[in-house]
Amino acid sequence: MEELVGLREGSSGSPVSLRELWGPCPRIRRSIRGGLEWLKQKLFRVGEDWYFLMTLGVLMALISYTMNFAIGRVVRAHKWLYREIGDSHLLRYLSWTVYPVALVSFSSGFSQSITPFSGGSGIPELKTILSGVVLEDYLDIKNFGAKVAGLTCTLATGSTIFLGKVGPFVHLSVMIAAYLGRVHIKTIGESENKSKQNEMLVAAAAVGVATVFAAPFSGVLFSIEVMSSHFSVWDYWRGFFAATCGAFMFRLLAVFNSEQETITSLYKTNFRVDVPFDLPEIFFFVALGAICGILSCAYLFCQRTFLGFVKTNRVTSKLLATSKPLYSALAALVLASITYPPGVGRFLASRLSMREHLDSLFDNHSWALMTRNSSPPWPQELDPQNLWFEWYHPRFTIFGTLAFFLVMKFWMLILATTIPMPAGYFMPIFIFGAAIGRLIGEALALAFPEGIVAGGVTNPIMPGGYALAGAAAFSGAVTHTISTALLAFELTGQIVHALPVLMAVLAANAIAQSCQPSFYDGTIIVKKLPYLPWIRGRKISSHRVIVEHFMNRTITTLAKDTPLEEVARIVTSTDTAKFFLVESTESQILVGTVGRAHLVQALQAESPSWALGHQRCLQDILAGGCPLEPVTLQLTPETSLHQAHNLFELLNLQSLPVTSLGRAVGSVSWVELKKAISNLTNPPAPK
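The protein chain is annotated in an unreviewed UniProt entry as Chloride channel protein of Vulpes vulpes. Listed under Sequence similarities (unreviewed entry) in UniProt, the entry text for the protein chain is "Belongs to the chloride channel (TC 2.A.49) family."

In structure tokens:
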């Protein structure tokens, strides 16, 4: 039944429904409706993207805090079980090992049974997506539940497996952003904008880091360095706004839950503010950065080699293909057995959680000096006021336990990265770097017990400052980022070591970036994901490499005057997705590209005319409506490798034609670029 309409008395406007005319309080309702329309216009003047980003930040903060809350309860239950089970070593060992083994097995089995994309960090795949490659279903919302459940179980294992949540949270945040973007498109009715989608995904990556560490500045910079080779300044404000909303909400929830009195940093330190370090110590900080850079190269090489071995070895590859939970359980059993506190775990500070590891390593007192004349007892229960007792052993001393921790965690971290379950790998290497810095700092404190004299003033050395620099330097070298220096300051709430930490990070990156691909790029290489590598080294000789040296010269072109029989033969004999269209067979002047699917459809429609004996050519079906795509960007044989590489990265291209004076002479795709970069990095032996 149609609704009755009418006009208001004395009104010449559009008709309104009689229900509105005769309803109660029509003037008040019209005023309210007008006010809401005015508010809607004012709110959306700033752009709906801002509300989208704020929603994303708040949602991820709620998820991060809820996950931390649940994980804390499970970890406390594990500690209670281990403490109350009795004095039997067998029962205590079983309570220590079975718990993480069960959680890891469930994490691997549950997440992999729902979707194979939920395992690992997620950052290598996101780098591939942002470079222009389409990975089907990787950002589908169905992966979200599997990733959250699996990651919760992974983190609930505590320090036995020693894994974090940065990478998976970046993946979760990007999944939420992609889902909200699809909902927004369906609601508004707009067409999909690939460029705008990438902008939101980069901002979402910053939110993922910010809601883990409550560090919006380093979250944005880390996402820029890790996720994209070229970054639009327009995305800068989006990233900061979303990351700030997420970090603020994450810390605000801790205040609401009475965990904090006010919003503070996660790992608060008490470094000396007046003179945090002496000028001669700058040399030691730079040396620490160089050591972290060398060790990071060894770690990256070993991790990539072992990951490749696990994927190619007959036994392990069969386990990973047929029974991922079994492989995960075996790896977890090895790691949990080693960290058993009455055993080898006594020398690994295994009773400390990952947060307590950092809290103890950032201690500004020298353990070596405190234990020089006294030997503190190892407490039966963990002492929250003296966490550093876990690092001391009367026979091994502080130096022995720290060195043993580094040696063991080096290969244990590598083994943990092969377990097929949702897990982050940034926090473990951050703690590993803190242990390197702590070892160097304790050695310097013992060598200079009174401190280093500078300007007639003697100030004692603070090993906690070296631990902070080591954490930033090693994690920055492994991930090829500089923003870890800023992350260290946001985590601790102090910036007194800004200069030495930054110099250590730069020294470590200078060594690592010239020798090894980053952790995420190495994973891309092992997984054989389609990704354009970065040109490392950038020697002067590399600028002499031009497109003519590596382009593909065997290209298939279609001229406008080509007979349709020849066009059909070429289309059916090759699997090329797009064909280069030239003006004529003789001139070879490039005029555009034609898609294979459109050609096939047009040829099928033209089949009856062939039977009548009419000689028709490609120009006829182009005039008949077959779509022709113009070539807006092309390379020349004299274009340098660096210029071609920058174009492919900046515009997320897959291939480009090469023309000389307008004539099509070749093409360049990812295959040719990768081969050229590989030959530049590892030149072939001379014949």
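Continuing now.
S.K.: I'd like to hear about the overall build of the protein chain, residue by residue, with values.
M.R.: Scanning the protein chain from N- to C-terminus turns up 27 helices and nine strands. Residues classed as buried in the protein chain amount to 51% of the 687 residues present. For the protein chain, the proportion of contacts with a sequence separation of at least 24, taken over those separated by at least 6, is 73%. For the protein chain, the exposed surface amounts to about 32,300 Å²; the carbon and sulfur share of it is 62%.

S.K.: How would you explain the side chain of Ser-223 if you had to name every residue and give the values?
M.R.: Counting through the fold element by element, Ser-223 comes out in helix H9 (residues 216-227). A distance of 2.7 Å separates a polar atom in the side chain of Ser-223 from the backbone oxygen of Val-220.

S.K.: An account of the environment of Leu-320 is needed here, citing residue identities and associated values.
M.R.: Of note, Leu-320 is situated in helix H12 (residues 314-322). Using a relative accessible area of 14% as the deciding quantity, one classes Leu-320 as buried. It is 9.0 Å that separates the C-alpha atoms of Leu-320 and Ile-419, two residues lying 99 residues apart in sequence.

S.K.: Explain the sheet that holds strand E5 (residues 557-559) to me, using residue names and the numbers behind them.
M.R.: Read across the open sheet, the three strands follow the order E5-E6-E7; overall the sheet is mixed. Two strands bound the open sheet, and with one partner strand each, they are E5 and strand E7 (590-595). With strand direction ignored, the average angle separating the axes of adjacent strands in the sheet is 35 degrees. Relative to strand E6 (residues 578-582), E5 is paired through three bridges, and the arrangement is parallel.

S.K.: Describe in detail the side chain of Arg-346, supporting the description with residues and values.
M.R.: With respect to the secondary-structure elements, Arg-346 resides in the loop between helix H13 (324-338) and helix H14 (354-361). Despite being buried, Arg-346 has no salt bridge partner; Glu-390 is the closest side chain of opposite charge, sitting 6.1 Å away.

S.K.: Could you give me a rundown of the nonpolar core, with the residues and numbers involved?
M.R.: In terms of nonpolar packing, the biggest core is built from 129 residues, with Leu-139, Phe-213, Tyr-299, Trp-391 and Phe-426 touching the most fellow members. Looking at which element gives the most residues to this core, the answer is helix H17 (residues 426-447), with eleven residues. Two domains each donate at least three residues to this core, and these are domain 1 (51-257) and domain 2 (279-527). Ile-535, Val-547, Ala-644 and Leu-656 belong to the second largest nonpolar core, which has 19 residues in total.

S.K.: Hey, could you go over unusual backbone geometry for me, with residue numbers and the actual values?
M.R.: Phi is positive for Ala-349, close to 50 degrees, though the residue is something other than glycine. Within the secondary structure layout, Ala-349 lies in the loop between H13 and H14. Positive phi values are uncommon outside glycine, yet Lys-528 reaches one of about 60 degrees. Here Lys-528 is to be found in the loop between helix H21 (519-527) and helix H22 (547-550). Taking the relative accessible area as the measure of exposure, Lys-528 reaches 74% and is therefore exposed.

S.K.: Just give me the short version of the pattern of salt bridges, but keep the residues and values in it.
M.R.: Throughout the structure, instances matching the rule amount to eight salt bridges. Lys-527 is the salt-bridge partner of Glu-125, the closest N and O atoms lying 2.9 Å from each other. Taken together, the positions of Glu-125 in helix H5 (residues 123-130) and Lys-527 in helix H21 put the pair 402 residues apart, joining distant regions of the chain. With a shortest N-O distance of 2.5 Å, Arg-569 and Glu-566 are connected by a salt bridge. Of this pair, Arg-569 and Glu-566 both sit in helix H23 (residues 564-573), three residues apart, which is roughly one turn of the helix.

S.K.: So what's going on with the layout of surface pockets? Residues and values would help.
M.R.: The volume enclosed by the largest pocket comes to roughly 1,700 Å³. In terms of lining residues, the largest pocket is bounded by 50 residues, among which Val-75, Lys-79, Ser-353, Met-354 and Arg-355 are the most central. Those elements giving two or more residues to the lining of the largest pocket turn out to be helix H3 (48-84), helix H4 (89-114), helix H6 (142-156), helix H8 (194-213), helix H10 (233-256) and H14. Per-element tally for the lining of the largest pocket: the top contributor is H3, with twelve residues. Composition of the lining of the largest pocket by domain shows at least three residues from each of domain 1 (51-257) and domain 2 (279-527).

S.K.: Requested: an account of the pairing of strand E8 (residues 655-660), with residues and values cited.
M.R.: The sheet contact formed by E8 and strand E9 (residues 663-669) spans six bridges and is antiparallel. When the sheet's bridge partners are listed, Leu-656 is paired in E9 with Val-668.

S.K.: Pulling in residues and values, what's your account of H9?
M.R.: The terminal C-alpha atoms of H9 lie 16 Å apart, and with twelve residues this matches the ideal 16 Å at 1.5 Å per residue to within 8%. Burial of H9 is extensive: nine of the twelve residues sit out of reach of the surface. Among the residues making up H9, those that are buried are Pro-216, Ser-218, Gly-219, Val-220, Phe-222, Ser-223, Ile-224, Val-226 and Met-227.

Parameters and conventions
Residues numbered from 1 in each chain as written. Predicted model: local features only at pLDDT ≥ 70, side-chain atom pairs only at ≥ 80, totals over all residues. Heavy atoms only, no water. UniProt positions renumbered as here; feature names shortened; annotations may be inferred. Helix = DSSP H or I, 4+ residues; strand = E, 2+ residues; numbered from the N terminus. Buried < 20%, exposed > 50% of the residue type's maximum accessible area, 1.4 Å probe, protein only. Contact = heavy atoms within 4.5 Å. Areas by Shrake-Rupley, 256 points an atom, 1.4 Å probe, with all protein chains shown as cover. Polar contact = N/O pair within 3.5 Å; in protein donor to acceptor, adjacent residues only side chain to side chain. Pairing = 2+ DSSP bridges. Axes fitted to C-alpha atoms, helices over the stretch in contact; angles between N-to-C directions. Lys, Arg positive; Asp, Glu negative; His and termini not counted. Salt bridge = Lys/Arg side-chain N within 4 Å of Asp/Glu carboxyl O. Core = buried A, V, L, I, M, F, W, Y, C linked by side-chain atoms within 4.5 Å. Domains from an automatic or database assignment. 1 Å grid on protein atoms, 1.4 Å probe; cavity = no way out; pocket = protein on both sides within 12 Å on 5 of 7 lines; lining within 4 Å. Points joined across faces, edges and corners; volume = space filled by probe spheres on them. Expected span 1.5 Å × (residues − 1).

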